[in-house]
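Structural characterization, general
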Amino acid sequence: MATHALVVDGLVKAFGTKQAVRHASFSVARGEITGFLGPNGAGKTTVMGMIMGLLEPDAGTIEFFGRRDRGDLSIARARSGYLQERPRIYPDMSARDYLRFFADLYGVPDASMRVKEVLDRVGLRTAAERRLGAFSRGMQQRACLARVMLHRPEFLMLDEPTLGLDPNGVADMRAIFREMKSDGVTLLFSSHQLAEMERVCDRVVFMREGEVIAAGRPSEIAPTGWANGGLRAEVFEAMDNALKAISAVPEIVEARQVGPQHLRLHLKASPGDARTARAQAASLLSAAGLTVLSVDVDMPTLEDVFLGLTRPECVAGHEPAAALM
C-alpha cells in the first residue's frame, strides 16, 4: 500500500501566455490533514483542478493512491471528494432532496440513511426540509460538504471550506475534519483562516506565483529569521533595564519586548536543538544580571510563515529556511 494518498510531480499549467502553475511538486500522506497555503492567484485552485481531472496538465504527473495511468486515476478519483470554493446548489431543492438526488446519482447504498447521517454530521438535521435558496452562505457550504461526503471518500479536497461560516460554524467544521481524520480519511484543503488551519493541519504546502516553495510543519518552513534561535523569555526586571543589559551581550543579536515581562530573542548562532538553545539563552541572560523566570522556543505561527514568505524581500528571491518535500 502506498504511504501517500497523493503525489504530484512537476505539474505545469498555462492559460494562453499566463503560466499559472510552474513545476509544482508535493505529496500528501495517507490519513493526514494537509493545508494548502498561498496568496490569491498563487495557483492553488488550478492545482486542485488538475488533481481532480477537471484540468489537463501541460506537463508533470499525478499519482493517486499509487495509481498514475489515466484509467487508474479515474478509479482513484472515484474514491475522492472535491468541494470547490463556490460550489453550485439547486436553490429550489430542500437540503434532504438535494442530497438524496446525489446519493442516487453516486449509487450510494442505503441512500436515505446515509443522507440522514451526513445531515447530522454537518449540523443541518433541523434544516433538512428547507430550500437551499433560503439558506445562508455558510449553510449552503455545509450542504455542499455533506454532498461530497455521501460516498464515504478516502480522500477529500476542499477549497476554502470555511468560507461564509461564523465562528461556531468554523469550530463545527474543525470537529468534522478531525472526526474524518480519525476515520482514516486524508484531507487537503486551502483556506485563508490561518489560525484555524494551524489547529487542524499536520503539514502545510505553500505556493507562490505558481510554484510550491515550501512544505512541512510551520517550524520547518519558517523564513530565515525564525530559524536563527527564536526564543521567548520572561524576566523579572523592568523591560527598559532588561533591554539595556541585553544590548551588551554579543551572542544575542536581537531582543524586543513582546509582553509586559516577555522578550523575543534571536541568538547569533543556532545551537542546533531547542533544549540547548533555551539553556544557552538562560545562561546569557543570567550572566547579564537578569532574573530569568522562563525561556521557551517561540515557534512561528502559520501567520508568521505566510507573512514571511510573502514579504517583499522574500518575493524578490529570498527563500525560506527550509523547503521540505
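To be clear, the structure that these remarks concern was listed above.
One structure accompanies this document, and this report is about it. Bear in mind the structure is a predicted one, so any value in this text is a computation, not a measurement. (Residues numbered from 1 in each chain as written. Predicted model: local features only at pLDDT ≥ 70, side-chain atom pairs only at ≥ 80, totals over all residues. Heavy atoms only, no water.)

**Brief notes about helix α10 (residues 274–287)**
Our working rule: Numbering of helices and strands runs from the N terminus; a helix is a DSSP stretch of H or I covering at least four residues, while a strand is a stretch of E covering at least two. An expected span of 1.5 Å times one less than the residue number is assigned to each helix. Remark: exposure states derive from per-residue accessible area (1.4 Å probe, protein chains only) relative to the maximum for the residue type, with buried under 20%, exposed over 50%, and partly exposed in between. An arc is given here, and it is the one of the directions from the helix axis to the C-beta atoms. In this analysis, two residues are considered to be in contact whenever any of their non-hydrogen atoms come within 4.5 Å of each other.
In a regular helix each residue adds 1.5 Å, so 14 residues correspond to 20 Å; α10 covers 20 Å between its end C-alpha atoms and thus fits that length. Within α10, burial applies to Ala-277, Ala-281, Leu-284 and Leu-285. Down the axis of α10, the sector holding all buried residues measures 95°, keeping them to one side. Away from its buried face, by an angle of more than 90 degrees, α10 presents the exposed residues Arg-275 and Ala-287. The secondary structure elements touched by the buried residues of α10 are β10 (230–235), α9 (239–246), β11 (252–257), β12 (262–267) and β13 (292–297). Looking one or two places after α10, you find Gly-289, whose phi comes out positive at around 90°.

**What to know about the sheet that holds β10**
The following threshold applies: DSSP-based pairing: two strands are paired if at least 2 bridges between them are found. Axes here mean lines fitted to C-alpha atoms, for a helix over just the part in contact, with angles spanning 0 to 180 degrees between N-to-C directions.
With antiparallel pairing, 4 strands are arranged side by side in an open sheet as β11-β12-β10-β13. Each having just a single partner strand, β11 and β13 make up the two edges of the open sheet. Looking at each pair of strands side by side, their axes are set apart by 25° on average, direction ignored. As paired elements, β10 and β12 share 5 bridges and run antiparallel to each other. Paired with Gly-230 across the two strands is His-266, which belongs to β12. Relative to β12, α9 is tilted by about 10°, and along the sheet it contacts β10, β11 and β12.

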